[in-house]
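Letter by letter, the chains look like this.
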Amino acid sequence: MRRIGKEEIIREVKDLYKEAVISLPEDVSKALKDAFNKEEGTAKEILKQIVDNERVSLEDRIPLCQDTGIAVLFVEWGCKVIYEDGDPMDAFNEGIRLAVKEGYLRASVVEDPVFSRKNTGDNTPSIVHFEMVKSDKVKITLAPKGAGSENMSALKMLKPAEGLDGVKAFVIETVKKAGGNPCPPVIVGIGIGGNFEKAALLAKKSLLRKIGESNPNPLYAKLEKELLEDINSLNIGAMGIGGKTTALAVHIEYYPCHIASLPVAVNIQCHSARHKEVVL
Amino acid sequence: MKTHKIETPLNDNVIEKLRVGDLVLINGYVYTARDAAHKKLLELINSKLSLPFDLKGQIIYYVGPTPAPPGKVIGAAGPTTSSRMDSYTPLLLSLGLKGMIGKGQRSEEVKEAIKKYRAIYFLATGGAGALLSKHIIEAKEIAFSELGTESIKRLLLRDFPAIVGIDIYGGDIFKR
């Protein structure tokens, strides 16, 4: 058995958040540079700004985007790890709170979605997805998610008879409808199967996969490839002004589902595809 | 691609020269406002009270920046999704607002109002907040401080890069 304490969680979450908002994962950074090299005209000018922005962000330690998101955390908690410092959510939120203060991040969370819409002032609470795993470690992945792309995401419970064509049509329709709003070039995360909430979670999780890696199932890998081609032929382009690169990648995750269901969730990720992980 | 260096406040002469797809470098003062500030502006207008700034000829920049770190004027300051402001925009344009900076497509009503009141819609690059902050050389909160990042701030821009998204000739960069 291992013990992990409150202070360690707070410190690690704080550092993850502060770093995640100023530096992109290498694969994302490379995909954006490739898109810049391929593009022409005004879309190239936009991609140049996006690539330059990364450098300025690192040099000046100013967040890549003013929308430093709502903090989404995926926690894989090893079943041999004991936590005895009260509610672990308190530690996660304290890490977020400190990062927002020390890192000059934006407070973008309101306490009540319908009535008061009063800003909590410190970007808490975060959204934490816990999973118990067989290990003696704790893995924390922090992905700040901005609203521009989140607002363009969608979920649909298809009829099984709609099948592959139905899945493809819904994905394309969602990306088309989003247009320039979610800050393309985007990453399109797709969750298929499970049930209502499982599909959404799969879609979100798929966004953490490295660009260039395909689904291990060749059928889904092929679908990813076809959808990416279809999306990039829509001519939405960087910021929606037209161009070759609408999406940097399409990632699909799937799960068994009910005989009567075919849930499909499309979670759109802006080009500022920020996430960072640590293993304790 | 044509590049225009423009100064605020805007007038019809400048606006008539701008066509969809043109690049602009914006100089001078602009005012920030997002949904929450627009709602408050609307309440003031409906109550016949004076606004925190005179709309005539001005540009509203749809942005909620991150706080300024020590030694900086402002934090990351890129555009937010403009369509959330669509329902408020025609009224503001009728009262003299001349320009908007944001990202993404606008409604038919906004496009009509842009034509009618001879205004202009600029796109800035979303997610380039660090880079764009370099083109903001002064920032001062002027109203609704209770809204935090969503308060109205007056920003002084220097060669702030943007693209004409909707012009007075009915041009719309998103319609292809």
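Since we're looking at a predicted model, the values are computed, not measured.

A. Structural detail: the overall build of chain A. For chain A, the helix and strand inventory stands at 8 helices and 10 strands. Principal axes of the C-alpha set define a box for chain A whose edges measure 50 × 50 × 40 Å. The burial tally for chain A puts 46% of its 280 residues in the buried class. For chain A, contacts bridging at least 24 residues in sequence account for 80% of all contacts bridging at least 6.

B. Structural detail: the overall build of chain B. In terms of regular secondary structure, chain B is built from 5 helices and 7 strands. Its helices and strands taken in sequence order, chain B reads β-α-β-α-β-α-β-α-β-α-β-β from the N to the C terminus. Dimensions of chain B, computed from the C-alpha atoms along their principal axes, are close to 40 × 40 × 25 Å. When the 176 residues of chain B are sorted by exposure, 48% land in the buried category.

C. Broad picture of unusual backbone geometry. All names here are of chain A. Pro125 follows Thr124 through a cis peptide bond whose omega is -5°. You can see Pro125 is positioned in the loop between helix H4 (88-102) and strand E4 (127-133). With an omega of 5°, the peptide bond between Pro184 and Pro185 qualifies as cis. Along the chain, the position of Pro185 falls in the loop between helix H6 (163-178) and strand E7 (186-194). Phi angles above zero are rare outside glycine, and Tyr104 is one such case at about 55°. Locating Tyr104 in the fold gives a position in the loop between H4 and E4.

D. How the structure looks around the packing of H6(A) against helix H8 (residues 218-232) of chain A. Residue and element names in this part refer to chain A. Two elements in contact, H6 and H8, have axes whose closest approach is 11 Å; the angle formed by their N-to-C orientations is 35°. The chirality of how H6 crosses H8 is right-handed. Along its contact with H6, which presents Lys168, Val171, Ile172 and Val175, the element H8 presents Leu227, Asp230 and Ile231.

E. View of the nonpolar core. Counting residues in each nonpolar core, the largest one holds 121 residues, and the members touching the most others are Val188(A), Ile190(A) and Phe122(B). Per element, the largest residue contribution to this core is 8 residues, and it comes from strand E7 (residues 152-166) of chain B. Two domains each donate at least three residues to this core, and these are domain 1 (2-19 + 64-145) and domain 2 (148-273) of chain A. Beyond its immediate sequence surroundings of up to four residues, Val188(A) is in contact with Val171(A), Val175(A), Ile231(A), Ala247(A), Val250(A), Val266(A) and Ile268(A).

F. Broad picture of the domain arrangement of chain A. Residue and element names in this part refer to chain A. What the domain assignment reports for chain A is domain 1 (2-19 + 64-145) and domain 2 (148-273). Measuring from the centre of the C-alpha atoms in domain 1 to the corresponding centre in domain 2 gives 26 Å. Taken together, the contacts link 8 residues of domain 1 with 6 residues of domain 2. Counting residues per element, the side of domain 1 that touches domain 2 draws most heavily on strand E5 (residues 138-145), at 3 residues. Here the side of domain 1 that touches domain 2 is built from residues that sort into 4 nonpolar, 2 polar and 2 charged.

G. Local environment of the interface of chain B and chain A. Contacts between the two partners involve 35 residues from chain B and, on the opposite side, 34 residues from chain A. Where the side of chain B that touches chain A is concerned, the elements lending two or more residues are helix H5 (129-133) and E7 of chain B. The greatest single-element share of the side of chain B that touches chain A, amounting to 4 residues, is contributed by H5(B). Looking at the side of chain B that touches chain A, its residues break down into 15 nonpolar, 17 polar and 3 charged.

H. Representation of the sheet that holds E5(A). Residue and element names in this part refer to chain A. Across the sheet, which stays open at both edges, the 4 strands sit in the order E4-E2-E5-E10 with mixed pairing between neighbours. Each edge of the open sheet carries a strand with a single partner, namely E4 and strand E10 (276-279). Averaged over neighbouring strand pairs, the angle between their axes works out to 15° when direction is ignored. Relative to E5, strand E2 (residues 70-78) runs antiparallel, the two sharing 8 bridges. Across the sheet, Trp77 pairs through a bridge with Val138, a residue of E5. Contacting E2, E5 and E10, helix H1 (residues 6-20) crosses the sheet at an angle of about 40° to E5.

I. Looking closely at the sheet that holds strand E9 (residues 262-269) of chain A. Residue and element names in this part refer to chain A. Pairing is mixed in the open sheet, where 4 strands are placed in the order E6-E9-E7-E8. Since the sheet does not close on itself, it has two edges, and those belong to strand E6 (154-158) and strand E8 (247-257), each with one partner. Ignoring which end each strand starts from, the neighbouring axes of this sheet average 15° apart. Where helix H7 (residues 196-206) meets the sheet, its contacts fall on E6, E7, E8 and E9, and the angle it forms with E7 comes to roughly 145°.

J. Quick peek at the pairing of E9(A). Residues and elements named next belong to chain A. Buried residues dominate E9, accounting for 8 of its 8 residues. Side chains of E9 alternate between two faces, with Leu262, Val264, Val266 and Ile268 and Pro263, Ala265, Asn267 and Gln269 buried alike. Here 6 bridges tie E7 to E9, and the two strands are oriented antiparallel to one another. Along E9, the bridge assignment pairs Ile192 with Val264.

K. Layout of helix H2 (residues 26-38) of chain A. Compared with the 18 Å implied by 1.5 Å per residue over 13 residues, the 19 Å span of H2(A) between its first and last C-alpha is a close match. Of the surrounding elements, those touching the buried residues of H2(A) are helix H3 (41-60) and E8 of chain A.

Each value, and the rule that gives it
- Residues numbered from 1 in each chain as written.
- Chains lettered and ligands numbered in written order.
- Predicted model: local features only at pLDDT ≥ 70, side-chain atom pairs only at ≥ 80, totals over all residues.
- Helix = DSSP H or I, 4+ residues; strand = E, 2+ residues; numbered from the N terminus.
- Buried ≥ 20, exposed ≤ 12 C-beta atoms within 10 Å, placed from the backbone.
- Contact = placed C-beta atoms within 7 Å.
- Axes fitted to C-alpha atoms, helices over the stretch in contact; angles between N-to-C directions.
- Left-handed = near helix turned anticlockwise from the far one by under 90°.
- Core = buried A, V, L, I, M, F, W, Y, C linked by C-beta atoms within 7 Å.
- Domains from an automatic or database assignment.
- Nonpolar A, V, L, I, M, F, W, Y, C, P; charged D, E, K, R; others polar.
- Pairing = 2+ DSSP bridges.
- Expected span 1.5 Å × (residues − 1).

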